[in-house]
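# Reading the structure
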Amino acid sequence: MISKFPIILIIFLQLYTSLYGQQRNPSVKRSIFTGVQWRNETPLVRFQNSWYEFEEIEGVSKDEIIAYCKKAYSSRWQKRFSEDLLEVLLSMGIPIVDDAELLLKTNGKSTVHFGTFTRDNRSRIKDYRDSLNKEFRKPIIGYLSRAQTLEDLEEFETIVNKYSSYSGLNGYNVLQEVQQFKSNLGDSILNMDFGLFLMKVVGQIGDRHSYVWNFGLPNKRFLPFSVAPFDGKVLALDYIEEDSVHVPLFPKYPFLTAIDGIPIRTFIQQISLEEAKAPAAAFFTRGVKQLHYIEQNYEILKKQLTNEVSFTFGNQVKDTVVNISMGGIRNRAIPWEEKFARFYGQKYEALNDKTLCRHLFRMEGDNIAYARFPSMGNREQAPIFFEEFNEFMKTSKDSKALIIDIRSNTGGNRELIIELAKYIVSPDSIHVVNVAQQRGSLLLSKEYKGALDYRRLFPKEEFDEQEQSQIDVFLSQFKPIYDLDSLKFSAPHFFVLNGNKLRKEDGYYYDKPVYILVNERCFSASSVLATVFKGLPNVTLVGVSTDGSSGNSKSFYLSNSRIKVKISTMVSFQKDGNILDGFGTEPDIELKPKLSQVLWKEDSQLNELVDLINHYVDK
């Protein structure tokens, strides 16, 4: 085995940094294996056209590498091990350039091998993975036998009983619903109907990260016009590309009020199976978005979709009925989205653009600093975005107020919360901002512990004395909506913001008013950001209630139907004791979008907020 003396390691790391820099580099995108598959948490690797159980590389055991991957990459740990092993090892400080010594096992016997990391090997790993996914995850079109369905239902029940953190909390009885389904099950069932049943069940649990997919819902016909939510109604729109604006499809009858005679709110209620327990504003907006997928909707409703569909349009006084031909892929309308989200809704790596950042970080009105977070990436994914944000904050020190715009941000991870906190959490203050309990035994597995660490959630004993004291004060007033079973859930884990520990060389305390602009499309980590900062000194939430959601999710494929089921394994509480899922976080000041914003003529919410700041801050 290669010795790893400290001086050699230091020299190597200095050399590596000088050659490859701080960012991820294509030169590390190489593999020593040509295929990887998993037996539970044991990696099976294809090396020189034979399969082995992986034991160690360069003297580093698989357990060490897997533990590191879980802590560093959370739910992506298997993907990073499989595809980016060289990069993982370098991050661990293992000095490898091209060649490595392996210990592999087959038929119970361990043997030493030598191999080389190449780009071709990594390509073959991805090809192998894609071939497995394509075959196994291809939805089954047709029928399942009664026996196959019962087997999958047993798997589903086991998944819910063992892993689901939200099952039963809102009073919905999953097992009773499944038992009723079994009693009505015939000799066979369409896989699509089975999938729709599971979709309905999962939606009722109240877990906002959960979904059921991969059962062949048709998706080739769409609405030939756009639809948008506005003030509890559905606007029917046409997009004028040359002017980059939307206009009412029928100006005299701007609202879509019924489809095939079904009132639009009833139609939305019936097609929104997975959104059943979403907060009201999020439920409606997501339901309007789902209207676009007309073929899927008719399958959910078990209605025959004809070439022409009857639509009712109205103006709150009078209605008119119009028969319209359904669009296919070529003539479908582009789904409506907020203009700021369409043009500034970039994800993760796409944020690494200095020109883009100049639009995201700018001054508004009379000396008001404005920063938009399109998604919740981290430094590894978006180093330029983080650098530009910190530079912007340096230049905004003398601004009279700060707006953080997270509208339509659908999440990611929590690193941006920490980045923002170092500016808006006051020195010498400690805040408990989120409490979570993980489904599982009192002694959590490495996987679950790593996932909680990744979310900045730690048990009380891992905090210092001052922080533990603040946790005690918090708990003395904390009244959670649910008292979780200690036999099924871990002890509480806390997200704590400590002002002194957050201070960095490039940070400072911004002691002016901070406004966080939110809407019903704030999901996952961005909804966590909203609840974390709500109620902190100088912070005001403005906009529309978020689509609260915070869960450590796991995905499963049922054996016979190949239906994908995703569920959360963690319950996440807000400071007021409510959970995020199904409740969201209410703004301190409600600002709904005006019609002009829906039509892409202005950003009325931002403009109103700027006016509000100018009025009150200047007083």
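Heads up: the structure comes first, above all this text.
Residues numbered from 1 in each chain as written. Predicted model: local features only at pLDDT ≥ 70, side-chain atom pairs only at ≥ 80, totals over all residues. Heavy atoms only, no water.

## Some points on the overall build of the protein
Helices and strands together make up the secondary structure of the protein, namely 21 helices and 28 strands. Whereas a compact globule of 619 residues would reach a radius of gyration of roughly 25 Å, the protein reaches 26 Å, a difference of no more than 12%. Overall size of the protein, expressed as C-alpha extent along the three principal axes, is 85 × 75 × 55 Å. Every one of the 619 residues in the protein was classed for burial, and the buried ones make up 54%. (Helix = DSSP H or I, 4+ residues; strand = E, 2+ residues; numbered from the N terminus. Rg over C-alpha atoms; globule rule 2.2 N^0.38 Å. Buried < 20%, exposed > 50% of the residue type's maximum accessible area, 1.4 Å probe, protein only.)

## Section: the sheet that holds strand β25 (residues 553-557)
Strand order in the open sheet made by the three strands is β9-β26-β25, with antiparallel pairing throughout. Strands with a single pairing partner mark the edges of an open sheet, and in this sheet they are β9 (211-213) and β25. Looking at each pair of strands side by side, their axes are set apart by 15° on average, direction ignored. By the bridge criterion, five bridges tie β25 to strand β26 (residues 564-568) in an arrangement that is antiparallel. Directly across from Lys554, in β26, lies its bridge partner Ile567. (Pairing = 2+ DSSP bridges. Axes fitted to C-alpha atoms, helices over the stretch in contact; angles between N-to-C directions.)

## Quick notes on unusual backbone geometry
Even without glycine at this site, Asp231 takes up a positive phi of about 55°. The topology assignment puts Asp231 in the loop between β10 (226-230) and β11 (233-240). Classification of Asp231 by relative accessible area gives exposed; the value is 54%.

## Concerning the pattern of salt bridges
Under the definition given, this model contains 37 salt bridges. The residue Lys79 makes a salt bridge to Glu83 at a minimum N-O spacing of 3.3 Å. Within this pair, Lys79 and its partner Glu83 are both found in helix α3 (residues 77-83), separated by four residues, close to a single helical turn. Look at Glu83 and you get buried, because its relative accessible area is 4%. Of the charged contacts in the structure, one is a salt bridge between Arg80 and Asp84, with a shortest N-O distance of 2.9 Å. As far as burial versus exposure is concerned, Arg80 and Asp84 are alike and both buried. The network of salt bridges with common partners includes Lys29, Lys79, Arg80, Glu83, Asp84, Glu87, Arg122, Arg129 and Glu380. (Salt bridge = Lys/Arg side-chain N within 4 Å of Asp/Glu carboxyl O.)

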